[in-house]
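Fold and geometry: a report
Given next are the chains, with one letter for each unit.
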Amino acid sequence: MGLGKVSFFPAHESAMAEDCASEFESVAFPHAAGLLRYALRLAGEKTRAEDLVQETLLLAWRNFHQFERGTNCRAWLFRILTNVHYKRLRQSGQHPELHVEEQEHALAAPEKVSASQEMREAFARLTSEHRQVLHLAVIEGFEIREIAELLQVPQGTVMSRLSRARASLRTALQARTMAAEGNL
Amino acid sequence: MNCDTVYNLLPLHLSGELPGEERAALELHLRECAPCAAMVRAESDLDNALRTAMLEETPDVSAVLGCVHARIAAPWWKRLPRLTVVRAASVAAVLALAMFASIALPRLYVHQSERNMALAAASDHYQDLVLQRHPDWERKPEDVARFLQTQFPQRKNLLSSITPEGAALEKVRLCNLRGTEYAHFVFKTGDVETSIFLLPTSASPEAHTPYQAAHLRNAEYGLDVAGFSSAGLTGIVVGGHDSVPAGQIADRLSTTL
Ligand SMILES: [Zn+2]
Ligand SMILES: [Zn+2]
């Protein structure tokens, strides 16, 4: 069979026309703020977090033809972001499962701070594993089943991790309050 | 329901995932047990306070969205490669060069449907081997043999005739390319992975549209994609542009299969 040899252009240049780009934007862009919040949680730093979200959205765009319309786009995007993040960690030689208390934030000078400020400080003192699971469950409102799929761990693990994370958050809040009272 | 069960089910209760019966039982317990009721209320207050505190600070996404929009909505000749691109070990992306090298070549020779299939195959290869989205591959020889027996019942020695020179089968599964199931074989030569997608014998006749133009390049992933049709089989070969002679493999398969 005679087989011609032809190179072709970047795939979605014609396979995905402009209207497809705007469809993608209307489906995916509304989740960008949530993605960035989660990326900030994972990467810890603004430039890296923004880069992570950009990589995620471009990867999602390239694979948009495989996304089943009507299924949960947000979970799909968060899954891509999580994968990209762990892939980067592996490439940079950091071990993703190393969850030491890496951010032992010094307690802020106990001046008058709002309850929300107090909460954010307490949250910042949790381990990254606990922050991640609380972030997905409480802040982003993912179901436990979805988090299990996202993190590739059994549902039971997500549940016990969540319970422990809530307990640590409470302890951190109490420590914060006690430090404040002690300095009055 | 007792207090321990309530404690264990608490995460599911707080995320609203408890099925009706269990939720009713839990609520009944909460009406009768003050300590549990207080605990559930405290946890849910904690969640609300955390949510409020974190959502007070909304990050500004306009910069990121601006960049992404510029890259996906602009005409291709204005699209610039990203400055930072994460590369996966098994796919050496040849972004900019391949993109510009292909400008002068006549694109009309490639049918739209073949481009779409090529894109689908390239992207499936990328997702399977880089993002590793599927855990359910057949890897053991006996499982692979059973898979072949089911999908290609009349084909003896199929595996040895499709295995590229010097490569060994790593795994196989059924993958869906634009609504059609293909057997996705992954071969390995050292670190280099080659995908061969084959239409199962039972596929509908329409799926067997023979490929006219065999050799396509997907610059986005740095992959070469080559379709082939022999007397009895239709398929697609995908591999890294620098590392896998996809076109040669496809040419050989179109005559030997
Ligand atoms: Zn009780
Ligand atoms: Zn596949």
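Please read all numbers here as calculations on a predicted model, not as lab measurements.

Notes on the nonpolar core
Counting 75 residues, the largest nonpolar core has Leu57(A), Leu134(A), Leu169(A) and Leu50(B) as the members making the most contacts within it. By size, the runner-up hydrophobic cluster in this structure holds 23 residues, among which are Val172(B), Ala246(B), Ile249(B) and Ala250(B).

Overview of the packing of helix 3 (residues 32–43) of chain A against helix 7 (residues 128–139) of chain A
Residue and element names in this part refer to chain A. One way to put it is that helix 3 packs onto helix 7 with a least axis distance of 10 Å and a crossing angle of 165 degrees. Viewed along their axes, helix 3 and helix 7 adopt a mutual orientation that is roughly antiparallel. The chirality of how helix 3 crosses helix 7 is right-handed. On helix 7, the residues touching Arg 37, Tyr 38, Arg 41 and Leu 42 of helix 3 are Arg 131, Gln 132, His 135, Leu 136 and Ile 139.

Quick word on the pattern of salt bridges
Any two side chains of opposite charge can pair, so long as their charged atoms come close to each other. Residue and element names in this part refer to chain B. Across all of its chains, the model carries 13 salt bridges over all chains by this definition. Notably, a salt bridge pairs Glu 27 with Arg 23, separated by 4.0 Å at the nearest N-O pair. With a gap of four residues between them, Glu 27 and Arg 23 both fall in helix 2 (residues 20–32), about one helical turn apart. Assessed through its relative accessible area of 40%, Arg 23 is described here as partly exposed. Salt-bridge contacts for Arg 173 lead to Asp 136; the nearest nitrogen and oxygen are separated by 3.0 Å. Of the two residues, Arg 173 sits in strand 1 (residues 168–177) while Asp 136 sits in the loop between helix 6 (112–129) and helix 7 (141–151), which places them 37 residues apart along the sequence.

Reading the values: the criteria
- Residues numbered from 1 in each chain as written.
- Chains lettered and ligands numbered in written order.
- Predicted model: local features only at pLDDT ≥ 70, side-chain atom pairs only at ≥ 80, totals over all residues.
- Heavy atoms only, no water.
- Core = buried A, V, L, I, M, F, W, Y, C linked by side-chain atoms within 4.5 Å.
- Buried < 20%, exposed > 50% of the residue type's maximum accessible area, 1.4 Å probe, protein only.
- Axes fitted to C-alpha atoms, helices over the stretch in contact; angles between N-to-C directions.
- Helix = DSSP H or I, 4+ residues; strand = E, 2+ residues; numbered from the N terminus.
- Parallel < 35°, antiparallel > 145°, perpendicular 65-115°, else oblique.
- Left-handed = near helix turned anticlockwise from the far one by under 90°.
- Contact = heavy atoms within 4.5 Å.
- Salt bridge = Lys/Arg side-chain N within 4 Å of Asp/Glu carboxyl O.

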